[in-house]
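# Observations on chain architecture
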Amino acid sequence: MNFFLQIIVSGLTLGAMYSLSAVGLSLVWGSFNMLNMAHGAIMTLGAYFVIIWFDSMGMTLWLAAPFALICAAIAGVILYFISAHWMLTKRAFDTNIMIATIGISIALQTGLLKAFGGEPYAQPLSLRSYSFMVNDVPVSYQRLVIWATALILMVGVGIFLSRTNFGRAVRATAQNRDAAQLMGVRVRRVYVAVLALASVLAAVSGIMLSSMKELMPLMGGEPLLKAFIVIILAGLGNVTGALYAAILVGLLEAAVQVLVGAQYGFPAILIFVILVLIWKPAGLFGRRTVARQ
Amino acid sequence: MAENLLTVEGLFAGYDGQPVLRDLTFDVPKGALIALIGPNGHGKTTLMRCIAGLLKPTTGKVEFSGKKVTGLPAEEMVSRGVVLIPQGDMLFPDMSVVDNLRMGAFLPAARAKFSENVEEIYGMLPRLKERSSQMARTLSGGERRMLAIGRGLLSGGEILLLDEPSLGLAPIVIDQIYEIIENLRKQGRTILLVEESPNRIIDLADHIHLLDTGSIVWDGTGQELQAQPQILETYLGG
Amino acid sequence: MSRRDLIILVVLIAFAIAFPYMGVPRYLLTSALVMFCFATVVTQWNLVFGVAGIFSLGQLAIFAIGAYTTAVMGRYLDMNVWYTFPIAGLAGVGLSLLVGLATLRMKGVYVALLTIAIAQMMFVLIQTDTACSELNRIINPQTCISFTGGSQGLGDFGSFGWREVLGGRDAVRGDYYTMLGLLVVGVLVSFFIINSRIGLGFKALRDNPELAASRGISQFKYQLIVFGVSAFLTAVAGSFYAAKFKAVGPGILGFDLLLLLIAMLVVGGLGRAWGPLLGALVITIFREGVDNIMTEGLQWRDVIFGGIVAAVMIFMPEGLTGTLDRLWNYILIKLGFAKARSSTVTAVAQDKKAND
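Residues numbered from 1 in each chain as written. Chains lettered and ligands numbered in written order. Predicted model: local features only at pLDDT ≥ 70, side-chain atom pairs only at ≥ 80, totals over all residues. Heavy atoms only, no water.

### Concerning the interface of chain A and chain C
Contacts between chain A and chain C engage 41 residues on the former and 38 residues on the latter. Of the roughly 3,700 Å² buried where chain A meets chain C, counting both sides, 82% is carbon and sulfur surface. When the buried surface of chain A facing chain C is broken down by residue, A:Ile99, A:Ile106 and A:Lys114 rank first, second and third, together holding 17% of it. For the pair chain A and chain C, the number of links is zero salt bridges. At the boundary of chain A with chain C, the tally comes to one residue pair in polar contact (both at pLDDT 80 or more). Only α3 (61–87), α4 (93–116), α9 (221–234) and α11 (265–279) of chain A provide two or more residues apiece to the side of chain A that touches chain C. Considering each element in turn, the side of chain A that touches chain C owes the most residues, 15 residues, to α4(A). Considered class by class, the residues forming the side of chain A that touches chain C number 28 nonpolar, eight polar and five charged. (Contact = heavy atoms within 4.5 Å. Buried area = accessible area lost by both parts, 1.4 Å probe. Salt bridge = Lys/Arg side-chain N within 4 Å of Asp/Glu carboxyl O. Polar contact = N/O pair within 3.5 Å; in protein donor to acceptor, adjacent residues only side chain to side chain. Helix = DSSP H or I, 4+ residues; strand = E, 2+ residues; numbered from the N terminus. Nonpolar A, V, L, I, M, F, W, Y, C, P; charged D, E, K, R; others polar.)

Here's what the structure looks like:
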């Protein structure tokens, strides 16, 4: 029974963190076929911005966090204008931008390594040391904060996409770019906005991640791969599916970690996704075909 | 005749350096229904995409309301009042019918009047009201076409470009669609329409142009076309 | 292969053969032979990615399979490393065919993601492999080393053996010529494939998919062939790498090396025969330069490389060779030696050639 509870507690936390970054990644792909390999670096960047504003600039945490998110949004906008903006009309956009963002990502991560050194930092924005017990399983308040934040943000993104005019334009662009333009949507603005939004979500996810473990320049690599795994499972571009798939992956990883051993969690989900890709390339909930180009 | 709302002059366009439209010139007067007829692959859709701003012409001029609009992007064209109801409808498949209609009224001017205009559309196309919360992808072919037309009308443009409104529909549904087009014409809308066959529009259009390999080879009224069956024979194979 | 290409190749090989006798310091020979090894991998990757259009990022997984095959066979079976090379190559082909069958009917980015996942899985599995291996206990009962050596890697499996033949001072020359031989084979294979029916078929498929399909060019079959051939040489390059450095670790699956190889690939120019060689040369010279100029170059180097990769993809996706080609054609046209041709005409011509 305790095993079960442990899996649920830890799986939901992982799922909450993955969902934020995966939803952003999926939105960006869905809107303009950009597989953003720098997503993980932005995750890390967001987490470091908290340190920068808090430690170096002496802000209170309640100010540092929103400032970090604003910086992440700006990073997303800059990313758009240095990469996608120039490449949108050229051939092989989807593969070229993937390589370009691999380059940007490594440059950014090594830049962080250079600036902050390889030693881990403790994320100041954390309540990890305070916890309560449920059936002898300790649950830290930090987990509650993560669940609540993820829930609020996901509901917020959902409302934005389904109820607001600009959110509808984002969905319309993802479903048919030409038609959206015919409706008067300035699609490039949509791209910038989506990348900024995705970067904010990534930053929140990065802050959460670092609050549960620690802050390191290269910490974005694994969560990026996990976010990719999630959106592949959901079917590329399926935003709602990404949410469910994130929770599924979180629970699966937690189950393997608790039942088999901590080091097998990641290989297990990698094998799972490879099998899914071979068996159902359009994803678990995929309706669309893989041949999108 | 009334003043020209749309003027196309010496238009060339194509893909990858291969010309599809060659030296196209015609006018659309205000309040008129002008039709272009031509076989598949002779540039009808290319022309529509060019005027609507989805494709940049190689050379030539497009004027709308007396202003040069050549090569402006689609989102700019729609804000000036050129509305394309594209071939194949190009709906937003994973959005509900009403959300598709809302997208039609995306621009601020149209959005302000959305709630009253949508009632008008529902009055004209009652099927859309019944299906309003359904996803667009679940609609039948005829309903999709109606949604595409309704969505286009909500943009509140001054000219409607209709790209093969009868394409792929059953004859009885085509009747319904053309009834709608006739009503729009009676309301005084300016319409530019392309079709593969002249059957439905020969009595409806004010002026008909025949398109062959990207150029206009004949133009006149429907009556004139009926009087010269050899023309249809030559260009459209009867 | 055009006469121009042949002449350039012969001159380059002659220079490379003479290079060790030009009084260059030994560390330069080592840099050069490492470059030969990576250039081999990049020529093969270019065949997969640039020519066959398979967006695989798993080239390093195949490289690693080669390296680890040599290490494991040399260590546990006490095999001479020379005998392990063909086995390593076949292991690479095996892996690549498995991956190919699973992925080649997918579109570009899916292939990329799946191959990254496979490479990453190998990395994680090796890194977390910590259980003491029974095989190792037979060889060396005192130590606890896992089958793959885990994060520390494997050593003690032999080398090319030039030290015994040529003596300690000239051993590096032996290594150098061995790698050069590998690269020459790699380059010849690459030229051969690019100019063969297969290469021209791919070109036709890229330029005009409908026409090519109607001529009966089967993308899947050709892709599988290229995937297999390039995997063999990539895996052999991996096992040469292991034999040269007498050690392998999971680091060869890391992002540093991936970035270096991508930089060589894209800076040179995707899909062009000379691209990988030019790319490997430019990036190696650049790397040596950065390392010599900056005392703390190691970290900035990746920042610069990352920036270069991004800038090339964004502003000149055809790479150096593509840009030079274009410049050359432009000059020829300006001087009246050649006529401007539209791309469609060329594609049809090439398609005809491919089917003759």
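### What to know about a nonpolar patch on the surface
A contiguous nonpolar surface patch, about 670 Å² in accessible area, is contributed by C:Leu324, C:Leu327, C:Tyr330, C:Ile331, C:Leu335 and C:Phe337. Note that C:Ile331 resides in helix α15 (residues 319–335). (Patch = residues over 30% accessible without salt bridge, like charges linked within 9 Å, V, L, I, M, F, W, Y side chains within 5 Å. Areas by Shrake-Rupley, 256 points an atom, 1.4 Å probe, with all protein chains shown as cover.)

### Comments concerning the interface of chain B and chain A
Every contact between the two is made by 24 residues of chain B and, on the other side, 19 residues of chain A. Buried area between chain B and chain A, summed over both chains or domains, comes out near 2,100 Å², and the portion from carbon and sulfur atoms is 58%. Among the residues of chain B in contact with chain A, B:Glu75, B:Phe92 and B:Phe106 are the three that bury the most area, contributing 28% of the side total. The interface formed by chain B and chain A holds four salt bridges in total. Notably, a salt bridge pairs B:Asp99 with A:Arg168, separated by 3.9 Å at the nearest N-O pair.

### What about the packing of aromatic side chains?
In total, this model carries 30 aromatic pairs over all chains according to the counting rule given. Summarising the aromatic geometry, the rings of C:Phe63 and C:Tyr241 are spaced 5.5 Å apart at their centres and angled 55° between planes, so their arrangement reads as tilted. Placement of the pair is C:Phe63 in helix α3 (residues 59–76) and C:Tyr241 in helix α11 (residues 219–245), with a sequence separation of 178 residues. Note on accessibility: C:Phe63 and C:Tyr241 belong to one class, buried. Within the aromatic cluster, the residues linked to one another by ring pairs are A:Phe32, A:Tyr80, A:Phe81, A:Phe93 and A:Tyr191. Directly above the ring of A:Phe266 sits A:Lys226, whose terminal nitrogen or CZ lies 5.0 Å from the centroid. The aromatic ring of C:Phe245 is capped on one face by C:Lys244, whose charged end is 5.7 Å from the ring centroid. (Phe/Tyr/Trp six-rings, centres within 6.5 Å; stacked < 30°, edge-to-face > 60°. Buried < 20%, exposed > 50% of the residue type's maximum accessible area, 1.4 Å probe, protein only. Lys NZ or Arg CZ within 6 Å of the ring centre and 35° of its normal.)

### Quick notes on the sheet that holds strand β5 (residues 67–68) of chain B
Residue and element names in this part refer to chain B. Strand order in the open sheet made by the four strands is β2-β1-β4-β5, with antiparallel pairing throughout. Each end of this open sheet is capped by a strand with a single partner; those strands are β2 (18–29) and β5. Relative to β5, strand β4 (residues 59–64) runs antiparallel, the two being bridged by two bridges. From the neighbouring strand, Glu 63 faces β5, where its bridge partner is Lys 68. Here helix α1 (residues 44–52) sits on the sheet in contact with β1 (4–15) and β2, set at roughly 120° to β1. (Pairing = 2+ DSSP bridges. Axes fitted to C-alpha atoms, helices over the stretch in contact; angles between N-to-C directions.)

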